[in-house]
Amino acid sequence: MISRSVKDVLEKLVNKLEFDMVKRVLFIFLALFAGNQLFAQTVADSTNFSVFYDSPKHYTLAGIEISGIRFLDTEVLKGLSGLNIGEEIVIPGDQVTSALRKYWKQGLFSDVKISATKIVGDKIWLNVYLQERPRLAAKNYHGVSKSEKEDIEKQVMMLIGGQVTDNLVNTAQRQILSFYQGKGFYNTEVSIVQRDDTAKQNQLVLDIMVNKKTKVKISDIEFIGAKQLSKYTLEKSMKKTKAKKLRNFFSSKKFLQDKFDEDKINLIKKYNENGYRDAIILSDTIIRDTINNTVRLMYRIDEGRRYYFRNIRWIGNTVLTDVQLSRVLGIKKGDVFDQKLLDKRLTEDDDAVSNEYLNTGYLFFNLNPVEVKVENDSIDFEMRIVEGSQATINSIGIKGNTKTNEHVARRELYTRPGQLFSKENIIRSVRELSQMGHFNPEAIKPDVIPHPEDGTVDINYELEERANDQVELSGGWGAGMFVGTVGLKFSNFSVRNIGNKKAWRPLPTGDGQTLTLRAQTNGSYYQSYSFSFTEPWLGGKKPNSFSFSVYYSKQTSGNSAYNYGGYGNGMYGGGYGGLGGYGGYGSGYGSGYGSGYGDYGYNQYNYDITEKMGVLGASVGLGYRLKRPDNYFTMYHELSYQRYILDNWKYFIFQNGTSNTLAFRTVFGRNSTDSPLYTRRGSNFSISVALTPPFSLFSGKNYNSTTMTAAERYRLIEYHKWSFKADIFTPLQPRPDAKLILRTKFETGLLGYYNKNLRSPFESYKLGGDGMSGYSSYGSEYIGLRGYENNSLTPPKGGNIYEKITVELRYPITLSQSATIYGLGFLEAGNSWYDLSDYNPFSIKRSAGLGIRIFLPMFGLMGFDWGYGFDDGYTKGTGGSQFHFIMGQQF
């Protein structure tokens, strides 16, 4: 027998072992439950817990709480779990596991736990513990320039205070790599290091390490299997993938993966354009040269066979005959198959087949070209047409005109309610709205809204008003002095609202009229004042323009004791001696007797009185649009009068007296340019003639007489003046918003006379330089030719004939509403001659250079040019390197 005391001890030991075993089992169960992200705590007895994983229990969810959250909305997080108060859940079970997965899937948390906080009967309360991922405290860039950092920040969205997730870091790394690869740094390495911010709890600092390395360029491009098209042709077809060769000097040679992929498509298009419609790229290989940091590209091409157009049949056409459509299409049987050409002739060109219908009201027209037979190397097409009915314009809307009155914009439109729809008229309306200058040409958008249910269409023109009133502040050099100019140009004036006090903000505007005030001065030497007004729609019903201008200028010696020195030749010699003490060589117009030239003589004068010459003038003009040959043609007539008043003016042919000029000028022109600021396409031609009455023919006076004074001889000025100008703009890219523009211009002028003894002493052409007059004097026309000093291409006796040729390549920098800026390169040539017997069209002075144009709505056009003149003007050393500044004038 075991003694009582021993028995008691053994019983206690057994009980203790059993109790320890229970605790160990409970510990194992709890560990397993935690691994499954869930444990149950029984509150029935605070010291006893029972968890049975082999027998799940059903509970009613009585409550759910969120803990561990600082920044996120707890109510939203509760709903994210998918668990609802009052629903039955199984513990353990799929509902809780599903809730865990949903939280982890968000990627916002570094730890997620769900625990039971209380169980009463069949009710259970759960707590969801969420550990938020750390927040971004700061970013540090290494190996990145300031401008690159700004560009990266625009693309990579890593906001301070936002959560830092693995996806965020990986995405940022990819985007930064893509940014540099897009710039040609194909071997760039990017690493992002995360470290704790010691000053802020649960926040990180990202150190972004960038090693750009050097740009990867293309050393060579090889085409294997290319036999029908030359390597040069294939390389030229690829716009952004260019090898390091001299002919690609101005092209980028860097390797860009996205451009590489795009140019594979361009390569196949080039084959298609040449009839090889089955051409494919079998493979493309990029071979890296890590030593030279270049790549070599290799394409394996299967060209296939060449195809030709054979039979083209038109189906469904009733408006136009087969013959008419075939003539418009312009593709004949036997022509090499070209899908690009076919698309252009059917839908894209201005004179495409589709436009023949769209310009005559067939808005609902549809054309589907179908290959009906491919036999050997020939393709037959059926052009299946659904003409539909003609669409009538229902309403015309105008939006965005905040300053210009609606009727002013509406009267420029070539689309009217009740008319048949016409795509051509919409394009013309956009052009006319652009030419007004009141709206941003880049923002004019016609919105066509068809209504096939009733055969009508609505057209809304969306406009963006732009300020086009201008302040002119400019200066020029003339006759050895600097002349400053101040001008105000109000391009949207309204005369009818002058009496309306409410319309003065600061001036009455909105009717499209132009009011210009201008003043020039050099202090006491020279002053000039002018006023002009233009009404583009006289009467408001027809586009008949009316213009009126008056002006006055005055030149003086500026001093009571004034020194004048100069050479004179001929019977009426004297010429131009200079102002303010400047001496010079002048040639007069005395050619009445003998050889027409007298002895040269030098004279020195000192005057104790002030000399002056005044010019008073006025003009009135009327212009209108023509309907024939087409409605781009215009006609303009102008009547002008000038009165020259000389008071002791020692620097001219005569000193005292008056001269009068009464002239009539006509300009016949055609202007189809699309925009006045950055012209992309179109042309501007004009022929003009200005005539004075031939007073000498019916005056009965003998202008050969030696007794006739110069003042009497030139009391009535007579001449005839002819000019021709042609300006053509050609886009070098086949799209409406083409940027690279070629401008070619030719102009010429002839100043003639009725009587050889009565040449006009005031009119002439002055060629060379920036074309800025400096000051307005004898009615001379100033023509710029860059690369030479001002007027240096004008003969000493004056220019009565001139010609000028310009070739310009333009590219825009910005075409925004606030500023229009574009760069240009130019070639120019020209010259001027005194007499028709001197004229030689091949004796021209050449120049080349670069420039920039800046148009600011407030100040108008400004320009800077550098030109190099390859020849000498009429004075040696007037060519070479020259800088020019212009304002308010275009070459």
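Residues numbered from 1 in each chain as written. Predicted model: local features only at pLDDT ≥ 70, side-chain atom pairs only at ≥ 80, totals over all residues. Heavy atoms only, no water.

### Focus: the overall build of the protein
Across its full length, the protein holds 14 helices and 38 strands. Of all 891 residues assigned to the protein, the portion counted as buried reaches 44%. Here the analysis covers contacts within the protein between residues at least 6 apart in sequence; of these, 61% occur between residues at least 24 apart. Summed over its atoms, the accessible surface of the protein is roughly 45,700 Å², and 55% of this surface lies on carbon and sulfur atoms. (Helix = DSSP H or I, 4+ residues; strand = E, 2+ residues; numbered from the N terminus. Buried < 20%, exposed > 50% of the residue type's maximum accessible area, 1.4 Å probe, protein only. Contact = heavy atoms within 4.5 Å. Areas by Shrake-Rupley, 256 points an atom, 1.4 Å probe, with all protein chains shown as cover.)

### Examining the packing of aromatic side chains
For the structure shown, the criterion picks out 19 aromatic pairs. By way of ring pairs, the aromatic residues Phe179, Tyr180 and Phe185 are connected into one cluster. For the cation-ring pair, Lys212 lies above Phe185, with the distance from its terminal atom to the ring centre recorded as 5.4 Å. Above the ring of Tyr632, the side-chain terminus of Arg428 is found at 3.8 Å from the ring centroid. (Phe/Tyr/Trp six-rings, centres within 6.5 Å; stacked < 30°, edge-to-face > 60°. Lys NZ or Arg CZ within 6 Å of the ring centre and 35° of its normal.)

### Some details on unusual backbone geometry
Cis geometry marks the peptide bond from Arg505 to Pro506, where omega comes out at -10°. With respect to the element layout, Pro506 can be found in the loop between strand S19 (481-493) and strand S20 (513-521). Across the junction of Arg628 and Pro629, the peptide omega takes the value 0°, indicating a cis bond. For Pro629, the location among the structural elements is in the loop between strand S26 (612-625) and strand S27 (633-647). One non-glycine residue with positive phi stands out, namely Asn293, at about 55°. Relative to the helices and strands, Asn293 resides in the loop between strand S10 (280-289) and strand S11 (294-302). Taking relative accessible area as the criterion, Asn293 reaches 15% and is therefore assigned buried. Within the chain, Asn648 stands out as a residue other than glycine whose phi angle is a positive 55°.

### Brief notes about the environment of Tyr526
The topology assignment puts Tyr526 in strand S21 (residues 526-535). Residue classification places Tyr526 among the buried residues on the basis of a relative accessible area of 0%. The sequence separation of Tyr526 and Ser557 amounts to 31 residues, and the corresponding C-alpha distance is 8.8 Å. At 3.5 Å, the side chain of Tyr526 forms a polar contact with the side chain of Gln520. (Polar contact = N/O pair within 3.5 Å; in protein donor to acceptor, adjacent residues only side chain to side chain.)

### Points about the pattern of salt bridges
Applying the stated rule across the entire model yields 42 salt bridges. Here Lys139 and Glu153 are joined by a salt bridge, their closest N and O atoms 3.0 Å apart. One end of the pair, Lys139, is in strand S6 (residues 135-142); the other, Glu153, is in helix H4 (residues 146-155), with 14 residues separating them in the sequence. Judged by relative accessible area, Lys139 falls into the buried class, the value being 16%. According to the relative accessible area criterion, Glu153 is partly exposed, its value standing at 29%. A salt bridge links Arg310 to Glu375, with the shortest nitrogen-to-oxygen separation between them at 3.0 Å. One end of the pair, Arg310, is in strand S12 (residues 308-315); the other, Glu375, is in strand S13 (residues 366-375), with 65 residues separating them in the sequence. In this structure Arg310 comes out as buried when scored by relative accessible area, which is 19%. Look at Glu375 and you get partly exposed, because its relative accessible area is 33%. (Salt bridge = Lys/Arg side-chain N within 4 Å of Asp/Glu carboxyl O.)

### Considerations on the confidence of the model for the protein
Low pLDDT means the predicted atomic positions in that stretch should not be read closely. In this model, the protein carries a mean pLDDT of 82, and residues with pLDDT of at least 70 account for 85%. Predicted confidence for residues 16-49 stays below pLDDT 50, and this span has 36 contacts to residues more than four positions away or in other chains. (pLDDT = per-residue confidence, 0-100.)

### Structural notes on the sheet that holds S12
Taken together, the three strands give an open sheet; going across it, the order is S12-S14-S13, and neighbouring strands pair in mixed fashion. At either end of the open sheet lies a strand with only one pairing partner, and these are S12 and S13. Looking at each pair of strands side by side, their axes are set apart by 20° on average, direction ignored. Bridging between S13 and strand S14 (residues 378-386) involves nine bridges; their strand directions are antiparallel. The residue of S14 that forms the bridge with Asn366 is Val386. Strands in contact with helix H9 (residues 339-348) are S12, S13 and S14; relative to S14, the strand with the most contacts, it is inclined by about 15°. (Pairing = 2+ DSSP bridges. Axes fitted to C-alpha atoms, helices over the stretch in contact; angles between N-to-C directions.)

### A word on helix H3 (residues 94-105)
The end-to-end C-alpha distance of H3 is 16 Å, a good match for the 16 Å that 12 residues give at a rise of 1.5 Å each. Along H3, the positions that sit buried rather than exposed are Val96, Ala99, Leu100 and Tyr103. Viewed end-on, H3 has its buried residues packed into an arc of 100°, placing them on one side of the element. In H3, the exposed positions angled more than 90 degrees off the buried face are occupied by Asp94, Arg101 and Lys105. (Expected span 1.5 Å × (residues − 1). Arc of directions from axis to C-beta.)

### Quick look at the environment of Asn376
With respect to the secondary-structure elements, Asn376 resides in the loop between S13 and S14. For Asn376, a relative accessible area of 56% puts it in the exposed group. Placed 69 residues apart in sequence, Asn376 and Tyr307 show a C-alpha to C-alpha distance of 8.2 Å. Residues contacting Asn376, with those up to four places away along its chain left out, are Arg305 and Tyr307.

### Re the pairing of S11
Pairing geometry for strand S9 (residues 217-224) and S11, over seven bridges, is parallel. In the strand pairing of S11, Asp220 is matched with Arg296. The pairing of S10 with S11 spans nine bridges and is classified as antiparallel. Paired with Asp284 across the strands is Tyr299, a residue of S11. Taking the residues between adjacent antiparallel strands as the criterion, S10 and S11 are bridged by four residues, where Asn293 takes a positive phi near 55°.

### Section: the sheet that holds strand S16 (residues 445-451)
As summarised here, the arrangement of the three strands in space is S15-S17-S16, forming an open sheet in which the pairing is mixed. Where the open sheet ends on each side, the last strands, each with one partner, are strand S15 (392-399) and S16. Pairwise comparison of adjacent strand axes, ignoring direction, gives a mean angle of 15° for this sheet. Pairing analysis gives seven bridges linking S15 to strand S17 (residues 456-462), with the strands arranged parallel. Counterpart to Ile396 in the pairing with S17 is Ile459. Lying over the sheet, helix H12 (residues 423-436) contacts S16 and S17, oriented at roughly 20° with respect to S17.

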